[in-house]
Every structure is written in C-alpha cells, then in structure tokens.
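# Notes for the structure review
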Amino acid sequence: MTSAIPPQENSRGGAGPLAVPQLVNEEAEAFVAEAIAELVRSKIPFLIAGTFAVSAYTGISRPTKDLDVFCKAGDYTRILKHFKSRGYAVEIEDDRWLGKVFKGRFFFDVIFASPNGTMLVNDSWFAHALPVEICGCPVSIAAPTELIWSKSFIQLRERYDGADVVHVILKAHDRIDWTRLLEYMEVHWEVLLIHLLNFRWIYPSERNKVPQWLMDELLSRLAAQRDLPLPQTKICRGRMYSRPDYEIDVREWGFADIGGEGDMREGIEEKTP
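Scope of this entry: the structure provided in the associated data block. This is a predicted model, so every value here is computed, not measured. (Residues numbered from 1 in each chain as written. Predicted model: local features only at pLDDT ≥ 70, side-chain atom pairs only at ≥ 80, totals over all residues. Heavy atoms only, no water.)

## A few points about the side chain of Gln155
Relative to the assigned elements, Gln155 resides in the loop between helix H5 (144-151) and helix H6 (162-172). Within the structure, Gln155 has its side chain in polar contact with the backbone oxygen of Ser152 (distance 3.2 Å). (Helix = DSSP H or I, 4+ residues; strand = E, 2+ residues; numbered from the N terminus. Polar contact = N/O pair within 3.5 Å; in protein donor to acceptor, adjacent residues only side chain to side chain.)

What follows is the structure in structure tokens.
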C-alpha cells in the first residue's frame, strides 16, 4: 500500500514525515484498497482521518484493522446506500454519528460527527483537507487542525488518543490553524488547554511549537474563572469522554448529564474554590 504527500520542509530543511499504517494482513490491505477505489468511483465527498491521517503527518506506522471515512451528515447515508447497492453489508451503529460498511470480517467506519455531539464534519473540513494518494487513488485526508479536534475527546478506559494529539502537534504544528482550532473548541477550551499542557510536559524542549498567544489566552480564561463562584448545578462532563465510565455520577451521585438537569449543590458558598 502506498501513499504520497507533498513534501513538508522542517526546521532542518528536510522533507516532512510520511507513513502508512500496518494493516493486519494482505486481505485487509485488499479490502482497504477496494473500499477506497469504490469511494472514489461513487463521487460522494469523503475524507480519510484516523490512523491513516496520523501516520501521514507523524511518520508513525502502527498496526490497524480498519479505515475511518469522514463525511458530512447528508452524505453518510449516501455512502452506506452506495455500498449496499454493490453487495456490501451496512450497519447504522449510532444514527447520531456512525455507520459501518462490511465485507466479510473487514469493515470501515463512516463518521460524520463525534459521539458526544461537539464535532460535526462540515465544509471547512474539505476546504482545508490535504490531497494525498492511497492505494493509487487520489483522496484527501483531514487537516491537522480537524484531526486534533476529532481526537481531543477520545478518552475512554480502553482507548485514549492523547498520544496522537501530541504527536500531531509535534510533527505538524506549522500546519495547524490554531485560531480555527480554538474556534472549534471554544465552549470546551479547558479540554484544549489540557492537551496543550500535556504536550508541554511531554516535550519541554518543544514548548515553542504552541503559539504563546494561545497559551496566554487559555491561561487568562483560567485565571478569570478562578475569581468566579462555583456553578450552582452539579455538572459532570465526564460522559463527553466516556458514558459508561461516568455512569455512576449521573445515576447515583446527582450530577447533570451532558444535557438535562442535575441536583443543586448543597451549602453553596460565594467564596472561590
């Protein structure tokens, strides 16, 4: 399997990293090649993200068994219908964000949003996507900005994508639109700050890869927040990361779910935490 990406000049004047994932066997490689060729023939707009995009930007080649196809919400049913008409099995796993296309034991995901509803694939994804070649087919992969956004909330007990986030920052920081990333994560700016602090801790010699203005902005928000009273409603946003891992908070401890009402805090005080 081959992939090509326009050379990226790094600080040492060399070409940027490039890799493709290691599919589990030749059958999996054949399935991916066939699926990508069929997607191109369908003429339905799509992007490749997930492990394939991480590999292209970072040079990390790791084992994978599937393919992540991203599209707009209006196109995900078209993709499923197209493949169903050609004899593939299809499944709508969650109509809020995910469908699947199967051929035997192999499959690829068709994703148009995030499980927690914070991320929707829109025209901006396609406007900033990077043209590449996979399996001899011209396709586009999600830009580093959108790739980070798509992985920022994947923090489950059995899967954590924080390493992907910091690796993309390390290797593709000059291709990240930091203003656009902040706009995407405006409501959940603390999640962005967590990832950036994580990056700084992991790579102390590379702190300059993140713009100083962005750190100043996020830390000023944190400082302003500290001077305010605590929220009156008990809130647990943990289920935006993992619904099962934070089930007890909502079912037994009286915290508000991602949406809806929760208990009021007892003994509310005006002093800051």
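## Focus: the pairing of strand S10 (residues 137-141)
Of the two faces of S10, only the one carrying Cys137, Val139 and Ile141 is buried; Pro138 and Ser140 on the other face are not. Relative to S10, strand S9 (residues 130-134) runs antiparallel, the two sharing five bridges. Across the sheet, Leu130 pairs through a bridge with Ile141, a residue of S10. (Buried < 20%, exposed > 50% of the residue type's maximum accessible area, 1.4 Å probe, protein only. Pairing = 2+ DSSP bridges.)

## Overview of the pairing of strand S6 (residues 89-94)
When S6 meets strand S7 (residues 98-103), the two strands line up antiparallel, connected through four bridges. For Ala89, the partnering residue across the bridge sits in S7 and is Phe102. With antiparallel pairing between neighbouring strands as the criterion, S6 and S7 make up a hairpin whose turn holds three residues.

## Things to note about the layout of surface pockets
Estimated volume of the largest pocket: approximately 1200 Å³. Trp97, Pro115, Ile154, Leu156 and Arg159 are, among the 43 residues lining the largest pocket, the residues nearest its centre. For the lining of the largest pocket, the elements supplying multiple residues, two or more each, are helix H2 (50-58), strand S4 (63-64), strand S5 (68-70), S6, S7, strand S8 (106-111) and H5. Here the lining of the largest pocket is composed, by residue class, of 17 nonpolar, nine polar and 17 charged. Here the second largest pocket defines a volume of roughly 530 Å³. Lining the second largest pocket are 22 residues, and of these Glu190, Gln225, Pro231, Ile235 and Arg237 sit closest to its centre. Going through the elements one at a time, helix H8 (189-202) and helix H9 (212-226) are the ones with two or more residues in the lining of the second largest pocket. For the lining of the second largest pocket, the element with the highest residue contribution is H8, accounting for three residues. (1 Å grid on protein atoms, 1.4 Å probe; cavity = no way out; pocket = protein on both sides within 12 Å on 5 of 7 lines; lining within 4 Å. Points joined across faces, edges and corners; volume = space filled by probe spheres on them. Nonpolar A, V, L, I, M, F, W, Y, C, P; charged D, E, K, R; others polar.)

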